[in-house]
Structures are given as C-alpha cells and as structure tokens.
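Residues per chain, in single letters:
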Amino acid sequence: MASNRYIDRISSFLVQNRYKVLIAFLIFWIAFTSGATRIKTEVILRDLFPYDHPYLKLHARFAEIFGGGGYGVVIAVKAEDGDIFNQKTLTKIKDITDELVLWDEVYRVLTISIASNSVKVVKTKAKGEIVIDTLMFPEVPKTAQEIELLKKHIFSNPSYNGTLVSRDGEGVLVLTQLKEFISYEKAFALFRDLQARYSDGETSIHIVGYPMLMGWIYSYKTQMYWVFGISVALMVLILFLIFRNFVGMIAPIAMALICTGLGLGFIGWTGINFSPLLYVLAFLVGARMLSNAVQITHRYIYEYQVNCCLDGPRRVAGCNTMGAMLMPNAAAVATDAAGFLVLALAKIVLMQQLAILMSFWMITIALSGFLVPLICCSLPRLTTVKPDAIKKETWFDRVTIGISRFSIGSGKWIIGVGAITIVVFGVWQTTKLKVGDPTPGSSILWPDHPYNQDQAFINQTFDVSSEDLMLYYEGDAGSVYDPFVMKTFEAFDRYMAKHLPDIYKSSSAITDMAKMLNLTFHDGDQIWFQMPSQAEQVTGLLGYIRNNIDRNTLGRYMDPTLKRAQITVYFSDHTSDNMLRIRDAAYNFFEDNRMETDRGRFLLAGGSIGMEIAVNEEMRRTHALMDTLVLIVIFLMCMLAFRSFVAGAMLAAPLILSNLVAFSYMSINNIGLSTNTLPCSAVGVGVGVDFAIYLYSRCMEEFPKSHDWQQTVLTAVRTAGKGIVFTGLTLILPILPWAFISALKFQAQMGFFLAMLLFTNMVAALTLHPLLILIIKPRFMTQGTPALVGKSRSEHHELQSQGGER
C-alpha cells in the first residue's frame, strides 16, 4: 500500500496544482517542439538496404569504380509514327543527350545513348583499316545514305540492337546516372520538364529509375496532406459523436498535439532523417495518441458521473482517473513501444531510425496518464453529464454486452471453432507469403500509374531494363587480360540466358566490343563472334580497344589498372520468385565453373538485383524473429504489468490470431513482406493488444465487488468495452480512407491492412478475451486493483455507492 499512497500523493498534488503544472509543461513543450524546424525529410537510397549484407558492401565498393549504385535513370524515346531513323527524331535524341550531359545533377561519363561520345562502332575503311569510331557523334546523319549506314551499324551490332535501340527501330534509350545526395524533388522536376518539352504528337518520352520513382512519391506530398487532413477531420467528427461535450472534444485533441509536438521536436533535435516512407506509420502513432487520450477521457467522464454529487467532482474524477488508468496506460504504451523497438534488429538504417523515432514517440503517450486528467479537470464543468445517466443502458451498451454475452454463452463454440479456423487458414496462407515484391514494377504505386506503365513499356520494348545483376572480377594488376576471365563472363551470360529464358533480356561487358572486333577481323563470319581462347589474341583485342576508345567508356567495364572488370546482365523484373531464380542460377553456374583463378576471383552480386536480393534475405531473416520477439516482449510487459504469467499468456496468445489474419490478407492480395510492410505488421500487433489490456484492468476492478465471473465480464464490457470501441474507432476510421483515396498503392494497402489488424483485435477484446476470462478464471483478477488515488478502498466504495455506480 505504501507505493499506492505514494502515487496517491503525487496525483493529488498534480491535480491541486494543475494550472501551474500545465503552464510549466507548456513552456517545456514549446522549447522542445521548436526542434521540429530542423527536420530533414529525404529518401536516402542507402538507408533502405541492409548495410551489413555482403552484396551491399560489394556493390558499394565496385560502384565507386564502375559507377552505378541505384541512382540510374532510363529514358525511352518512342516514335509514334514509323521509326526513329529520320533527322527530326535523331536530332531530338541528340538534344536530349546533350542537355543531360550539361546537367550538374548527373554524371556526364555515365550518360549514354546512340548520340553520346562513349558509344562506339567498329568500322572498316579503305585498304583493310579497322577503326573504333563513334556511332552518332558529334553530328546527326544528314542524308538518307548516312541514316541507312547508321541503321546498319546499329542492327548489325548485338550490343545495340534491342538494347539502345528497339529491334523494330521505333524506340531508343538514353541512360544516365544521378549523383549521390541530389534532391529527388529537384531531379523529378527536371525530368518532368524534359518529358514535357520533348513529348509531342510524333514522339513520346518514358522515364523510369529509382530517382524518378522517389520523385513521384514526393510529388504526392500535397495529396498526402489532404489525406491526413481528411483523417484528422474524421477524428474530430468521431470525438464529437462519441462525447458530445467540450471536455471530450478538447482533451484528446490537446494530448495528441502535445505528443505530436514532442515527437517532431525529437526528430529535429536528433537530426535523424524523417523519410516520407515513414509518414503512414507516423500517422498511426498520431491516431494512437488520440485513441489513448480518448480511453482516458472516457474514464474521466465515467468518474465524473460517479462522483458528480460530491464537492469538487472534477478533482475527484481527475485523481481517480489517474489511479485507475496508470497501470493499463503504462502497459499499453510499453507494448506499443515494443512493437517499434524490435525493428532495430533489422540491419537496415531506415528500420533502425524508425525504431528510435517511433519508440520515443510512443513513450510520450505515457504522459497521457497524468496530462489528460489534468486537462480534463482544468476545463469547464461537464454540465451535460447527469448522475443517473450511468445507470441507463444505452443501445450501444446493449450491442457490446450482447456480443460478449453471446461469446461467453451460446456462441462460445462458434468463437472457439472460428479461432481454430483462423489459425488453420492463416498458417496455410502464411506459407504462401512472399518475401519481397511479388509484382512487376513498383509496389508503392498502382499498376496503372504512369511510372509503372513506363516501366512495362521499356521492359516490353527493349532488351535492357533497370533490373540488372552484376558479376565482378577482382585480381592482380593486368589479370583482366587472362582469357579465362573473359571466357567466364561470356559463359556466365550464356548460362543465364539458357536457364532463365523467360526473364533474361541481354548483357553488357567489354566482351561485347571485343567479340564485335573479332568478328570484323574475320570478315564478318558469325562463327568468330566470340572471345578467343588464346591469351595473345585476348590481349591483342583488349589492347586494341584500350588504344582506340576513351578512358571514360572503358571505365564502364574495367578499371585502369586492369585489376577489376564486370559484366551486367539485364532481366525483365524483380519479383520475389524471380529474384530467387536469378540468385540460384548465378550460384549454380559457379558449381561447374571456377570462381577463383591463380590471379583473382569472381564476386557476386551487384546491381539493383543484388541489392534487392540482399533486402529480401534480410527480411526473411528478421521477419519471423521480429514477429516472435514482439509477442515475447508483449508477453513480458503484460506479465510485469499484471504481475502474472497467466495474464501475459492470455494477452499475447490471441495476438497470433490477428497476425495470421494480417498475413492471410497479404498473401491473398499478393503483398510481399518488405521494408514498407514489415513495420506495419510488427507495430499493428503492439497497438492491438491495448484493447485487451484495458478490459483486463477493468475486470480486476470489478471482480472484488461481485465475485461473479460472468457479471464481472459483462460489467467490464459495459464500461471499458465502450472505451475500447471508441478507442478502436478513433484508430480505425481515420486510417481506413487511405484505402480508397490515396494515390500511393502502398499507403492504401497499409491503411486497410492496419485497419483490419486493429479491428480484429478490437473484436477479439469483446469476444475471445471474455471467453478466455470465463474459462480460465485467472487468479490475478481476483486480487483487485490498488486503492484509487486519494481514497481508501472503503471510502472509494462509499463514494461509488453515493454516486450510483452500480
């Protein structure tokens, strides 16, 4: 009792000095919230990938040598009528290339098209002279003969036919690479302007690549704010419909603003980047702030009704609310924070930042246990609240009690069989859940979005794409000239084409130019379109290429010291199943081929596919671990809060049902586990347990009065159950509109996903948990709760009797 009296004294002190406390806190809040002006909101590519994965380390190291790194942009120019081989269209291609080269935002040497200086062709001149010359640089062909010669050079070269130029001649690609740390918003504006200026009735421009994708996401910021605005308006409307009084409207909104300010201030002061990809979870936290305040405000109004016949009912209600809600509020906040904290296990910077930011944000909700009662009892009296109202059973009470009465009575077998069915069906569907993106294009955007349409067009039209796998070689100086290196690159390419014919598109390596040169040396006989086996011949071909092309062009394939080289293989998509096929095929090749030579070794895997495989493997590693740890942490938190092993088990076990429902939804709707969906899954579970915590806490208050389990459950449902439904509505309804109005597919799906997860837990709190309580009859509930603040237990019962609580 000593600790309870200590809490009583603190609560009484806070209520008696509530104006001073609130003013002091307001001063602190303003100072802390000022950090929000320092917030950085960027999408940083390297933060989205597992920093400790060998593929990422490999890719980062070789990207410094050969370029790349995921900042590539692919621009397709398509002739709407006929092909590109006319002076007007070719001039447009050259103008686009020249303009890109002059941008400060791109790497000049990595900007490639048929009009760039780095694209070469092997030409035969008089007296048998063979030279390596530019394809279409510095000028566009002017005559019909020159245009025909250009067509011949393109379509006779496998390195360009189908890659830089479509096989039907109707499209051409311009490839470029953005510099690191360039603003995606700025880059998006530049590319959209270029697209608008060069598109007309004769030509269409299609642009894809990660910077373009992020630019599209940034472009929906205003729309996101509108969605948030609609959600906030729904919150306010829900508060009005729930409470219909000034206190019920103001207290939750004030508390949500307080926690929001503290969270934004923390983000600003710590300097952690607040990625737009986190906005959906940030809004979930905001909704959680409001719903928690709704629960406490509802209890305050209940206490006010009980004690409104006494002197100073606001102070008594404030003290009693603090005493009653302290434990369940602390337990609920702890489980919420736990859902975020486990995200730190993923070796991905974005996930770790999310764990830090959102955990702190959730912890601020713990202040609601003190601040909401202080705000409530500082506001004007509840003149609309009548003492007899608590005795009246409303239609809402009848519905919630009816649901629980059915669940613990005639419908208990239905609830039991339903739970077992969910487990069986959920486990079956979970085995079909994919890790990664199960669909082509970007899963963040809708299939009919211009970006995904452009992606589909480029994949269908060209033999290159933004989905590439890089095989690297690294060895001693000059070891690139080893015929085994070049022959292995060539064999690797043939192997991938043979074993993945449905998704293989093409490849790019120094071997392409060497094979074309070898073909030319042998009078165009196609049998010589291959790498020679003799070291002298390989050295001669590569030496000839080095002496006749610029360093920047050569640098795309091998470094100046001839220690390192690479081959890029292009595939049609990055779906999770195909990622596994590509990875397995690459390693299967090296089961029959040496991965090391006397002077060096081959290294897998770089490129965008290597990065995606790394993310998928990290998700596969952490997915089960995170979900398990969330449940374990929730079990421990609840066990400590209720001081009962049984309580922890009863609260944590039903969460498995909601998890299985969520994973079934993802499996049925072909949504893969990714850095976007995994946090929603982990966090939704932590937030969902709150409903049951409030119910159990209320049962502990009621059982010592009735000593009847059924009466305890039904009384708890009538009082706390109403708060549970109100809390659920303030969480679910504001999030649900995202599923219907968001332009981002990810936000829409996660809005419905979270709403469904929370709804499942809310329903479980009114059905499954009452049934569990009645079956198990847990001993921890028979011990009652600590005396409410400011009154001994007998005095409190006397006040309840006077107020007509029962």
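Residues numbered from 1 in each chain as written. Predicted model: local features only at pLDDT ≥ 70, side-chain atom pairs only at ≥ 80, totals over all residues. Heavy atoms only, no water.

## Quick notes on the overall build of the chain
Looking only at helices and strands, the chain has 31 helices and 9 strands in total. Per-residue burial over the chain gives 61% buried out of 806 residues. Accessible surface, the chain: about 32,100 Å² in total, of which carbon and sulfur atoms supply 60%. (Helix = DSSP H or I, 4+ residues; strand = E, 2+ residues; numbered from the N terminus. Buried < 20%, exposed > 50% of the residue type's maximum accessible area, 1.4 Å probe, protein only. Areas by Shrake-Rupley, 256 points an atom, 1.4 Å probe, with all protein chains shown as cover.)

## With respect to the confidence of the model for the chain
The pLDDT averaged across the chain works out to 78; a share of 86% of its residues lies at or above 70. For the chain, the element scoring lowest by mean pLDDT is helix α31 (residues 793–803), at 37; strand β5 (residues 203–208) scores highest, at 89. Note that residues 785–806 has pLDDT below 50 and, in this model, 55 contacts with residues that lie over four places away or in other chains. (pLDDT = per-residue confidence, 0-100. Contact = heavy atoms within 4.5 Å.)

## Quick look at the environment of Leu173
Mapped onto the fold, Leu173 is located in strand β4 (residues 171–177). Given a relative accessible area of 0%, Leu173 falls into the buried group. Each C-alpha atom of the pair Leu173 and Thr163 lies 7.7 Å from the other, and the pair is 10 residues apart in sequence.

## A word on the sheet that holds strand β9 (residues 600–606)
Taken in spatial order, the 4 strands line up as β7-β8-β6-β9 in an open sheet, and their pairing is antiparallel. A strand with exactly one partner marks an edge of an open sheet, and here the two such strands are β7 (504–508) and β9. Shown here is a sheet whose adjacent strand axes are inclined to one another by a mean of 20°, direction ignored. In this sheet, strand β8 (residues 564–571) lies alongside β7 in antiparallel orientation, the contact comprising 4 bridges. (Pairing = 2+ DSSP bridges. Axes fitted to C-alpha atoms, helices over the stretch in contact; angles between N-to-C directions.)

## Overview of the sheet that holds β5
Taken in spatial order, the 3 strands of this open sheet run β4-β1-β5, and their pairing is antiparallel. Since the sheet does not close on itself, it has two edges, and those belong to β4 and β5, each with one partner. For this sheet, the mean inter-axis angle between neighbouring strands, taken without regard to orientation, is 20°. Where helix α16 (residues 450–461) meets the sheet, it contacts β1 (72–79) and β5, and its direction lies at approximately 100° from that of β5.

## A closer look at the packing of helix α8 (residues 221–243) against helix α27 (residues 709–735)
Viewed as axis vectors pointing N to C, α8 and α27 meet at an angle of 155°, and their least axial separation amounts to 9 Å. In this view, α8 runs roughly antiparallel relative to α27, as classed from their interaxial angle. In the crossing of α8 with α27, the sense of the turn from one axis to the other is right-handed. Residue-level inspection shows Ser231, Leu234, Met235, Ile238, Leu239 and Ile242 of α8 in contact with α27, the latter providing Phe726, Leu729, Thr730, Leu733 and Pro734. Taken together, the residues of the contact of α8 with α27 sort by class into 9 nonpolar, 2 polar and no charged. (Parallel < 35°, antiparallel > 145°, perpendicular 65-115°, else oblique. Left-handed = near helix turned anticlockwise from the far one by under 90°. Nonpolar A, V, L, I, M, F, W, Y, C, P; charged D, E, K, R; others polar.)

## Some remarks on the nonpolar core
One finds Ile114, Phe191, Phe492, Met496 and Phe571 to be the most contacted residues of the largest nonpolar core, which totals 231 residues. Top element by residues in this core is helix α10 (residues 279–307). It accounts for 15 residues. (Core = buried A, V, L, I, M, F, W, Y, C linked by side-chain atoms within 4.5 Å.)

## A short note on the packing of helix α11 (residues 313–341) against helix α12 (residues 349–364)
Where α11 meets α12, the closest approach of the two axes is 8 Å, and the angle between their N-to-C directions is 175°. By the criterion of interaxial angle, the relationship of α11 to α12 is roughly antiparallel. Contact residues: Val333, Asp336, Ala337, Phe340 and Leu341 in α11; Leu354, Ala355, Met358, Ser359, Met362 and Ile363 in α12. Looking at the contact of α11 with α12 residue by residue, the class counts come to 9 nonpolar, 1 polar and 1 charged.

## Brief notes about the pattern of salt bridges
Pairing is possible between side chains that carry opposite charge, provided their charged atoms lie close to one another. The final tally for this structure, using the stated rule, is 17 salt bridges. Its salt-bridge partner being Arg494, residue Glu490 comes within 3.7 Å of it at the nearest N-O pair. Of this pair, Glu490 and Arg494 both sit in helix α17 (residues 483–499), separated by 4 residues, roughly a single helical turn. Residues Arg564 and Asp559 are paired through a salt bridge, measuring 2.9 Å at the closest nitrogen-oxygen approach. Since its relative accessible area comes to 5%, Asp559 is described here as buried. Several salt bridges converge on common partners, so that one network encompasses Arg61, Glu474, Asp559 and Arg564. (Salt bridge = Lys/Arg side-chain N within 4 Å of Asp/Glu carboxyl O.)

## What to know about the packing of aromatic side chains
In the structure shown here, the tally under the stated rule is 24 aromatic pairs. Note on Phe266 and Phe360: the rings are 3.9 Å apart at their centroids and 15° apart in plane angle, and the pair reads as stacked. Of this pair, Phe266 sits in helix α9 (residues 246–270) while Phe360 sits in helix α12, placing them 94 residues apart in sequence. Phe266 sits in the buried class, given a relative accessible area of 16%. With relative accessibility at 24%, the residue Phe360 sits in the partly exposed group. Among the aromatic side chains, those forming a connected cluster through ring pairs are Tyr473, Phe484, Phe489, Phe492, Tyr495, Phe589, Phe590 and Phe602. Sitting over the face of the ring of Phe484, Arg594 holds its NZ or CZ atom 4.1 Å from the ring centroid. (Phe/Tyr/Trp six-rings, centres within 6.5 Å; stacked < 30°, edge-to-face > 60°. Lys NZ or Arg CZ within 6 Å of the ring centre and 35° of its normal.)

## Describing the pairing of β4
Walk down a regular strand and you will see the side chains alternate between the two sheet faces. Most of β4 is tucked away, with 6 of its 7 residues classed as buried. Of the strand pairs in this sheet, β1 and β4 are connected by 7 bridges, and their pairing is antiparallel. If you follow Val73 over to β4, its bridge partner there is Thr176.

## Topic: the side chain of Asn578
As for its placement among the helices and strands, Asn578 is situated in helix α21 (residues 576–592). Taking relative accessible area as the criterion, Asn578 reaches 9% and is therefore assigned buried. A polar atom in the side chain of Asn578 sits 3.0 Å from the side chain of Arg581. Leaving out residues up to four positions away in the same chain, Asn578 has contacts with Ile503 and Asp573. (Polar contact = N/O pair within 3.5 Å; in protein donor to acceptor, adjacent residues only side chain to side chain.)

## Comments concerning α27
If you look at α27, its biggest bend is around 45°, right at Ala720. When you tally the buried positions in α27, you get 22 out of 27 residues, the bulk of the element. The opening residue of α27 is Asp708, an N-cap whose side-chain oxygen sits 3.2 Å from the backbone nitrogen of Gln710. (Bend = angle between axes of the 7 residues up to and from the residue.)

## Focus: the pairing of β8
Buried residues dominate β8, accounting for 7 of its 8 residues. In the sheet, strand β6 (residues 467–475) pairs with β8 via 8 bridges, with the strands oriented antiparallel. Directly across from Leu469, in β8, lies its bridge partner Val569.

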